[in-house]
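Understanding the architecture of this molecule
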Amino acid sequence: MVMGVIDFSHFLMEQVIDEGETVIDATCGNGHDTLYLSRLVGESGRVIAFDIQELAINNTRQLLEKHSRQNVTLIKDSHANFEQYIDEDKRENLGGAIFNLGYLPRSNKQIITKKESTIAAIQSLLQFIRPGGIIVLVVYHGHDGGELEKEGLLNYVTKLDQKDVHVLKYGFINQKNKPPFIIAIQKKGDRNR
Ligand code: SAH
């Protein structure tokens, strides 16, 4: 079977991220990707997970505790500010980031990711991830405000220079109800520069 978007987002991360690297979960939500990334980078690696909602941070903390994961730093702030939380010496091995856009499932549908901060975070991440590193966005856009973010984001990533990055779009085009799709941005260059 072809891969669904979540599986494909994980597949992309697995292809690129090495054990021991630092990765960013830009929108931890209920923590499923945070847990996944925590295992992917292993004990020697680190996940830095962001969310602007206390509820999301708490849900993620609980999930990580349940699975005894200790290599995650949880930060209640916008991913647009992520630069402030990266150690100078960790910048070298920042392998990538994952975003799940939209609202926190089973919670307030008014609190959503927005194109301004999402794009600001991508711009900043592109400076800090290593060559070969990847940013994967799962773009949910069926909710109020979702279309606006989707259009802004597509417009932005379409214009990224192909000399610098590969930009990929992956999704099902015959599904009803505006299914989520993936945008992946991989920084070009030799990872062992
Ligand atoms: N739609 C997905 C889940 C998205 S959760 C699904 O159905 O599985 C998106 C999370 O992003 C929410 O928890 C929300 O609080 C968070 N968020 C919104 N804006 C943010 C920002 N600027 N920085 C970090 N997290 C943000």
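Residues numbered from 1 in each chain as written. Predicted model: local features only at pLDDT ≥ 70, side-chain atom pairs only at ≥ 80, totals over all residues. Heavy atoms only, no water.

1. Some details on the pattern of salt bridges
Operational definition: By salt bridge we mean one thing: a side-chain nitrogen of Lys or Arg within 4 Å of a carboxyl oxygen of Asp or Glu. Secondary structure follows DSSP: runs of H or I at least 4 residues long count as helices, runs of E at least 2 residues long count as strands, and numbering of each begins at the N terminus. Three exposure classes are used, based on accessible area relative to the maximum for each residue type with a 1.4 Å probe and protein chains only: buried under 20%, partly exposed in between, and exposed over 50%.
Applying the stated criterion across every chain, the model contains five salt bridges. Taking the shortest distance from any N to any O, the salt bridge between Arg130 and Glu21 comes out at 2.5 Å. With Arg130 in the loop between α4 (115-128) and β5 (134-139) and Glu21 in the loop between α1 (5-16) and β1 (22-25), the pair connects residues that are 109 residues apart, well separated along the chain. Of the residues examined, Arg130 reaches a relative accessible area of 5% and is grouped as buried. Residue class for Glu21 comes out buried when judged on its relative accessible area of 7%. Ionic pairing is found between Lys150 and Glu147, a salt bridge with its closest N-O pair at 3.8 Å. Placement of the pair is Lys150 and Glu147 together in helix α5 (residues 146-158), with a separation of three residues, close to one helical turn. Assessed through its relative accessible area of 15%, Lys150 is described here as buried. Several salt bridges converge on common partners, so that one network encompasses Glu147, Lys150 and Glu151.

2. Side note on the environment of Ala120
Examined against the element boundaries, Ala120 turns out to sit in helix α4. Judged by its relative accessible area of 29%, Ala120 falls in the partly exposed class.

3. Considerations on the sheet that holds strand β6 (residues 165-170)
Here is the rule we go by: Here, any two strands with at least 2 DSSP bridges between them count as paired. Angles here are taken between N-to-C directions and fall from 0 to 180 degrees, while the axes themselves are lines fitted to C-alpha atoms, restricted in helices to the stretch in contact.
In spatial order, the strands read β3-β2-β1-β4-β5-β7-β6; together these seven strands make up an open sheet with mixed pairing. If you trace the sheet from one side to the other, it starts and ends with β3 (72-76) and β6, each paired once. On average, adjacent strands in this sheet sit at an angle of 15° to one another, irrespective of strand direction. As defined by bridge partners, β1 adjoins strand β4 (residues 94-100) across four bridges and the pair is classed as parallel. When the bridges of β4 are listed, Val23 appears paired with Gly96.

4. Points about the nonpolar core
We count it as follows: Within this scheme, the nonpolar core is defined by two criteria: the residues are buried Ala, Val, Leu, Ile, Met, Phe, Trp, Tyr or Cys, and they are joined through side-chain atoms within 4.5 Å. Any two residues having at least one pair of non-hydrogen atoms within 4.5 Å are treated as being in contact.
Counting 30 residues, the largest nonpolar core has Ile24, Phe99, Leu137 and Ile185 as the members making the most contacts within it. Elements with a minimum of two residues in this core: β2 (46-51), β4, α4, β5, α5 and β7 (181-187). With six residues, the top contributor of residues to this core is α4. Setting aside anything within four residues of it in sequence, one finds Ile185 in contact with Ile122, Leu126, Gly133, Ile134, Ile135, Leu137, Val157, Leu160, Val165, His166 and Val167. Formed by 25 residues, the second largest nonpolar core is a distinct cluster that contains Leu12, Leu35, Ile98 and Ile134.

5. Observations regarding the packing of α1 against helix α2 (residues 32-41)
Threshold: An angle below 35 degrees is treated as roughly parallel, one above 145 as roughly antiparallel, one from 65 to 115 as roughly perpendicular, and anything else as oblique. Helix crossings fall into two classes, left-handed where the near helix is turned counterclockwise from the far one by less than a right angle and right-handed where it is turned clockwise.
Interaxial distance between α1 and α2 falls to 11 Å at its minimum, and their mutual angle equals 25°. Viewed along their axes, α1 and α2 adopt a mutual orientation that is roughly parallel. Handedness of the α1/α2 crossing: right-handed. Contacts from His10, Met13 and Glu14 of α1 reach α2 at Asp33, Tyr36, Leu37 and Leu40.

6. Let's talk about the side chain of His10
Residue position: His10 is located in helix α1. Residues in contact with His10, not counting those within four places in the same chain, are Asp33 and Tyr36.

7. Side note on the site of the ligand
Applicable threshold: Here a residue is near a molecule or strand as soon as one of its heavy atoms is found within 4 Å of it. Any pair of nitrogen or oxygen atoms within 3.5 Å is treated as a polar contact; in protein, a donor-acceptor pairing is required on top of that, and neighbouring residues in sequence qualify only through side-chain atoms on both sides. Shrake-Rupley sampling with a 1.4 Å probe provides the accessible areas, and residues are treated as covered by the protein chains on show and by no other component. As a working rule, the residues Ala, Val, Leu, Ile, Met, Phe, Trp, Tyr, Cys and Pro are called nonpolar, Asp, Glu, Lys and Arg charged, and the rest polar, with Gly in that last group.
The immediate surroundings of the ligand are formed by 20 residues, with Asp51, Gln53, Ser78, His79 and Leu101 found nearest. Residue Gln53 places a side-chain N or O atom 2.8 Å away from an oxygen atom belonging to the ligand. Interatomic distance of 3.4 Å between a side-chain N/O atom of Tyr140 and an oxygen atom of the ligand. For the ligand, the accessible surface in isolation is 590 Å², of which the surrounding protein chains cover 88%. Within the shell around the ligand, the residues separate by chemical class into nine nonpolar, nine polar and two charged.

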